[in-house]
Amino acid sequence: MPNQTPPEDGDPTSVTETVKNLFKKNKKIIIGGGTALAVVATGVFISIARRQDVTEAFGPSPDAVAEDQKRQSPCEHEVSAYERMTTYGIQTVRSYSRGGSTA
């Protein structure tokens, strides 16, 4: 603020006075920014609340497994050969069988 005259006693203006002057000069921008921030925050809170309501309204997933049930292994099947990229280059993985009972 080069065109600001120093106080008569030679002390620099206090931080409070500087903030007051900035607020007076930029009142519309500060209020507009605060309003925009409040609108965005309200929208975020509403969207979070809606997501929680939706999950609570439908309850637990119908696919939920009871705690006493064990996970069922998938049917035995063949996995095709493929190539995968590693830090050492391309590695070829041969076909293999997976699934089924291991007992």
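Quick caveat: nothing in here was measured; it's all calculated off a predicted structure.

Engineer: Sorry if this is basic, but what is going on with the pairing of strand 2 (residues 82–86) here?
Structural biologist: A regular strand carries its side chains on alternate faces of the sheet. Of the pairings in the sheet, the one linking strand 2 to strand 3 (residues 89–93) comprises five bridges and is antiparallel in character. Residue pairing across strands places M85 opposite I90, the latter belonging to strand 3. Linking two consecutive strands that pair antiparallel, namely strand 2 and strand 3, is a turn of two residues.

Engineer: How do you make sense of a nonpolar patch on the surface when you look at a structure like this?
Structural biologist: On the surface, a nonpolar cluster with roughly 380 Å² of combined accessible area is contributed by V40, V44, F45 and I48. Tracing the backbone shows I48 in helix 2 (residues 27–58). Judged by its relative accessible area of 35%, I48 is partly exposed.

Engineer: Is there a simple way to think about the confidence of the model for the protein chain in this case?
Structural biologist: Reading predicted coordinates in detail is not appropriate for stretches of low pLDDT. Residue-level pLDDT values for the protein chain average 80, and 70% of them are 70 or greater. At the level of individual helices and strands, the protein chain shows its lowest average pLDDT in helix 2, which scores 84, and its highest in strand 3, which scores 94.

About the thresholds
- Residues numbered from 1 in each chain as written.
- Predicted model: local features only at pLDDT ≥ 70, side-chain atom pairs only at ≥ 80, totals over all residues.
- Heavy atoms only, no water.
- Pairing = 2+ DSSP bridges.
- Helix = DSSP H or I, 4+ residues; strand = E, 2+ residues; numbered from the N terminus.
- Patch = residues over 30% accessible without salt bridge, like charges linked within 9 Å, V, L, I, M, F, W, Y side chains within 5 Å.
- Areas by Shrake-Rupley, 256 points an atom, 1.4 Å probe, with all protein chains shown as cover.
- Salt bridge = Lys/Arg side-chain N within 4 Å of Asp/Glu carboxyl O.
- Buried < 20%, exposed > 50% of the residue type's maximum accessible area, 1.4 Å probe, protein only.
- pLDDT = per-residue confidence, 0-100.

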